[in-house]
Amino acid sequence: MMDGGLSAGTPRGTARPNVLSWLRRLQQYALKETLIGYGLILPSLLVFLVFYYGPAIFLLYISFFHWNIFASRSSFVGLHNFVVLANQPLFWQSLLNTGYYVLLVVPVTTLLALGLALLLREARNIRGGGLSQALVFLPHVTPVVATSIIWTWIFDPNFGLANAVLRVLHLPQLGWLASAHWALPSVMIYTVWHSVGLYTVLFLAGLSTLPKQVLEAAQMDGARGWLAFRRVVLPLISPITFFVILLATITTMQTFSQIYTLTGGPHGGAGGPAFSTTTDSLLIYQTAFLYLHFSLASAMSFVLFMLILAVTLVQKLIADRMVFYR
Amino acid sequence: MGSITLRTITKKFGQRQVLHDINMTVQDGEFVVVVGPSGCGKSTLLRIVAGLESPSSGDLEFDGRVVTRVPPHERNIGMVFQNYALYPHMSVFDNLAFGMTARRTSRDVIQQRISEVAALLEIGSLLKSKPGALSGGQRQRVAVGRALVRSPYAFLMDEPLSNLDALLRERMRVELRRLHDQVRIPTLYVTHDQTEAMTMADRIVVMRDGRILQAGTPEEVYSQPNSVFVAQFLGSPPMNLVRVARRPDACVVLEGSEGIAAAVPDWIRRSPSSAWWLGFRPERIERSHNGSSGLDMTASIRTIETLGARYHVHANWGGFPITWVTQDVSGLMPGSPVSLTVSWDHIHWFDRNSEQRVTESADFSFPLEAGGVR
């Protein structure tokens, strides 16, 4: 201990400092790498902080105040805004409308997109197969507001295409957007039309990664049609299906533009008739920018955020048990 | 169980013809290996037998019954794919059971068949695992098990060992062959690996460019290759080939840089062709002793590779590279000359125009003429 261990030349004496200095250098290197890494993501991180996370946190903050953009002082009111919300029937109505909308749009869009993707995949080698894919995707690249205006004409009870089709089929005419019963389903039809192309393309991408030999093995095993689809294809594309459902849920829970445009737009009256199309995001918009109750709208936004988070988490929990990742 | 017969099968993909008039039979209980370079159409052939492709013309028969238009699931074929193609989301048990479930086999029978096959392939402990958790060799066994468990009419294997490492491949070769000897299901096995073909087959079918070049037992195809391609394709290291030609003065010479004249059998001098490939297997070369009765050559050694039990001596004879496999390299050194000989029994002649084997039509007698004149 006194001398031997440190005397130059013994293996132990030389080896340990070497290891230590090597570790130190590694540490320095790691630190340098970390700094470079953060440096590289800093620009986008800043943009996110200033324009995304910052406002989001600020939104939560002002939901605890009685906030007035014209007054110099705002008073802290605690959970008052949330209590007001809970006692406001229209808020509950908007949640119900949103739920109704999401629960119909998401499954219909997902199933339709999957069906279209399967059809388009079968048709990929025939003439016009590629064109069909483009045509299915086309609605998704059109601006929501512009096509929504066109669809208000389609849904016109007297001169619209929708009722014309029903007439040809000898079915009863509908009031579409003018009817409290059919207004939200009309919006759903538009949304499915506008978004199904995106999900179809996602499913097509998923289907194209299916291992060909596994499908052939299923064929040799005697599994055809529905059995092969249910037992082999569906499990193998489950990650895509999960992604589609997740994406569709999150977007439909926040649908705004088409509802606003289809049900009244800038001329007022959006969300009608009789609040039948007032979903949560429309109500948030109206509360904030029509009635200028910013703190109440913030509280609503926070509730909507928590709802989306909860739904997403539930979906994730279900997916962990049902989705198969290769 | 029974036989598989292909009658004048052709296959075109658009303008490209990948199979030309294929005629072949896999007899009951036979293990037939189709071997050829990639792109020779061997996999297409297999897929036609499986029913995954339909032939452009020709007929496929199982036990005399024409099945050309029968869909794959009704052919009752067990197929092992190159990448195993196991169902990745199912347990090994479900992978094995899937084919029988699809055919609505009763649970008891499924259970019984799987335990039989699992015992045979020693995969009993893996039944609950998913394919992702298995090693390459284990997946291989499961893939074989899945094909076997339905008691198929025939086995089709598409390069089943090509994804395994060398050591495992060697072991699985033996195991697959042993399995075949136990179950005796007619098997059509496709590979580009000549070693697999030689070691596993009852009969080898050599294919190239969509045509069958030669079919026969491994010994036949190896010792009597009917074309230059077959001669080169089978055997490792491949057969030595040397270009020889008959000069106007009837002297047969090597067309190498040195123009060495070779002493050749008389029938070769009289043969209608005048340019040949002269071939001999590396392991048929011997050190020359006085009075040898074969093709004599003086080669200069370039390198000597040590493989442990034997050596690969790479040498140069008259400007042609030749390989000699030997167990004794005493006294040999790179750069030094060595006198070698190959018995005439082991010399192969191929016409250089047709690339086909040339044989002496009558019995093999070699009236030797003294050549070796420069």
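1. Regarding the overall build of chain B
Counting secondary structure elements, chain B contains 9 helices and 20 strands. In chain B, which comprises 374 residues, the proportion classed as buried is 39%. When contacts within chain B are restricted to residue pairs at least 6 apart in sequence, long-range pairs at least 24 apart make up 66% of them.

2. A look at the confidence of the model for chain B
Residues and elements named next belong to chain B. Predicted confidence across chain B gives a mean pLDDT of 88, with 95% of residues reaching 70 or more. Of all the helices and strands in chain B, helix α9 (residues 266–270) carries the lowest mean pLDDT, 78, while strand β3 (residues 31–35) carries the highest, 95. Here residues 362–374 is modelled with pLDDT under 50, and outside its nearest four sequence neighbours on either side it reaches 19 contacts, counting other chains as well. The ipTM for the predicted assembly is 0.79, set against a pTM of 0.77.

3. What to know about the interface of chain B and chain A
Facing 16 residues of chain B, the contacting portion of chain A comprises 17 residues. Within the residue set of the side of chain B that touches chain A, elements represented by two or more residues are β6 (77–80) and α2 (92–102) of chain B. With 3 residues, α2(B) is the single largest residue contributor to the side of chain B that touches chain A.

4. Details of the sheet that holds strand β20 (residues 357–358) of chain B
The pairing of strands in a sheet happens through backbone hydrogen bonds and is either parallel or antiparallel. Residues and elements named next belong to chain B. Spatially, the 5 strands line up as an open sheet ordered β12-β11-β13-β19-β20, and their pairing is antiparallel. Only two strands of the sheet have a single neighbouring strand rather than two, namely β12 (252–254) and β20. As paired elements, strand β11 (residues 240–246) and strand β13 (residues 275–280) share 6 bridges and run antiparallel to each other. When the bridges of β13 are listed, A245 appears paired with A275.

5. Points about unusual backbone geometry
Residues and elements named next belong to chain B. Between S236 and P237 the backbone carries a cis peptide bond, its omega angle lying at -5°. Structurally, P237 can be placed in the loop between α8 (228–233) and β11. Here the phi dihedral of Y84 falls at roughly 70°; this positive angle occurs in a residue that is not glycine. Note on placement: Y84 falls in the loop between β6 and α2. With phi around 50°, A85 is a residue other than glycine that occupies positive phi space. Relative to the elements of secondary structure, A85 occurs in the loop between β6 and α2.

6. Remarks on the confidence of the model for chain A
For chain A, the mean per-residue pLDDT works out to 87, and 92% of the residues sit at or above 70. Across residues 1–11 of chain A the pLDDT falls below 50, and counting only partners more than four positions away or on other chains, this stretch makes 6 contacts in the model.

7. As for helix α9 (residues 225–236) of chain A
Given 3.6 residues per helical turn, the α-helix brings residues three or four places apart onto the same face. Spanning 12 residues, α9(A) covers 15 Å between terminal C-alpha atoms, matching the ideal 16 Å at 1.5 Å per step. Looking at the buried residues of α9(A), the elements they touch are α8 (212–220) of chain A.

8. Overview of the packing of helix α3 (residues 89–122) of chain A against helix α10 (residues 238–253) of chain A
The angle between the axes and the distance between the axes are what describe a pair of packed helices. Residues and elements named next belong to chain A. Following both chains from N to C, one finds α3 and α10 inclined at 145°, their axes separated by 9 Å at the closest point. Relative to α10, α3 is oriented so that their crossing is right-handed. Here T98, Y101, V102, V105, V106, T109, T110 and A113 of α3 come into contact with α10, specifically with V244, I245, A248, T249, T252 and M253. Its residues placed into classes, the contact of α3 with α10 shows 9 nonpolar, 5 polar and no charged.

9. Brief notes about the sheet that holds strand β4 (residues 57–62) of chain B
Residues and elements named next belong to chain B. In spatial order, the strands read β2-β1-β4-β5; together these 4 strands make up an open sheet with antiparallel pairing. What marks the edges here is a single partner per strand, and that holds for β2 (16–26) and β5 (65–66). Direction of pairing for β4 relative to β5: antiparallel, over a ladder of 2 bridges. Note on β5: the bridge partner recorded for E61 is V66.

10. Topic: the domain arrangement of chain B
Residues and elements named next belong to chain B. On domain assignment, one finds that chain B holds domain 1 (4–229) and domain 2 (237–358). Distance from the C-alpha centre of domain 1 to the C-alpha centre of domain 2: 39 Å. Residue classes in the side of domain 1 that touches domain 2 are distributed as 3 nonpolar, 2 polar and no charged.

11. Things to note about the nonpolar core
The nonpolar side chains of a soluble globular protein tend to be buried, and buried together. Grouped together as the largest cluster of nonpolar side chains are 156 residues, with contacts concentrated most on L156(B) and L188(B). The leading source of residues in this core is helix α7 (residues 183–208) of chain A, at 12 residues. When residues no more than four places from it in sequence are discounted, the contact partners of L156(B) are L46(B), V49(B), A50(B), I77(B), M79(B) and L188(B).

12. Looking at helix α5 (residues 166–183) of chain B
Taking 1.5 Å per residue as the helical rise, α5(B) with its 18 residues ought to reach 26 Å, and the 26 Å between its terminal C-alpha atoms agrees with that figure. Against α4 (136–148) and α6 (194–200) of chain B lie the buried residues of α5(B).

13. Some remarks on the pairing of strand β15 (residues 294–306) of chain B
Residues and elements named next belong to chain B. Where β15 lies against strand β18 (residues 337–343), 7 bridges are found, and the strand directions are antiparallel. The residue of β18 that forms the bridge with D296 is T341. Linking β15 to strand β16 (residues 311–317), which pair antiparallel, is a turn of 4 residues; within it G308 sits at a positive phi near 90°.

14. Here's the deal with the environment of F242(A)
Residues and elements named next belong to chain A. Assignment of secondary structure puts F242 in helix α10. Residue class for F242 comes out partly exposed when judged on the 18 C-beta atoms lying within 10 Å of it. For the pair F242 and Q173, spaced 69 residues apart in the sequence, the C-alpha separation amounts to 37 Å. With sequence-adjacent residues up to four places away left out, F242 is seen in contact with A319 and V323.

15. Topic: the pairing of β2(B)
All names here are of chain B. For strand β1 (residues 4–13) and β2, the ladder comprises 7 bridges, and the chain directions are antiparallel. Note that in β2 the partner of T5 across the bridge is T25. In sequence, β1 turns back onto β2 through a hairpin of 2 residues, with G14 there showing a positive phi of about 65°.

16. What to know about the environment of V244(B)
All names here are of chain B. As for its placement among the helices and strands, V244 is situated in strand β11. V244 gets classed as buried once you count the C-beta atoms within 10 Å, which come to 24. With 101 residues separating them along the chain, V244 and D345 place their C-alpha atoms 18 Å apart. Dropping the residues within four chain positions of it, V244 is found in contact with V252, V253, L254, E255, A262, W276 and L278.

Cut-offs used in this document
- Residues numbered from 1 in each chain as written.
- Chains lettered and ligands numbered in written order.
- Predicted model: local features only at pLDDT ≥ 70, side-chain atom pairs only at ≥ 80, totals over all residues.
- Helix = DSSP H or I, 4+ residues; strand = E, 2+ residues; numbered from the N terminus.
- Buried ≥ 20, exposed ≤ 12 C-beta atoms within 10 Å, placed from the backbone.
- Contact = placed C-beta atoms within 7 Å.
- pLDDT = per-residue confidence, 0-100.
- Pairing = 2+ DSSP bridges.
- Expected span 1.5 Å × (residues − 1).
- Axes fitted to C-alpha atoms, helices over the stretch in contact; angles between N-to-C directions.
- Left-handed = near helix turned anticlockwise from the far one by under 90°.
- Nonpolar A, V, L, I, M, F, W, Y, C, P; charged D, E, K, R; others polar.
- Domains from an automatic or database assignment.
- Core = buried A, V, L, I, M, F, W, Y, C linked by C-beta atoms within 7 Å.

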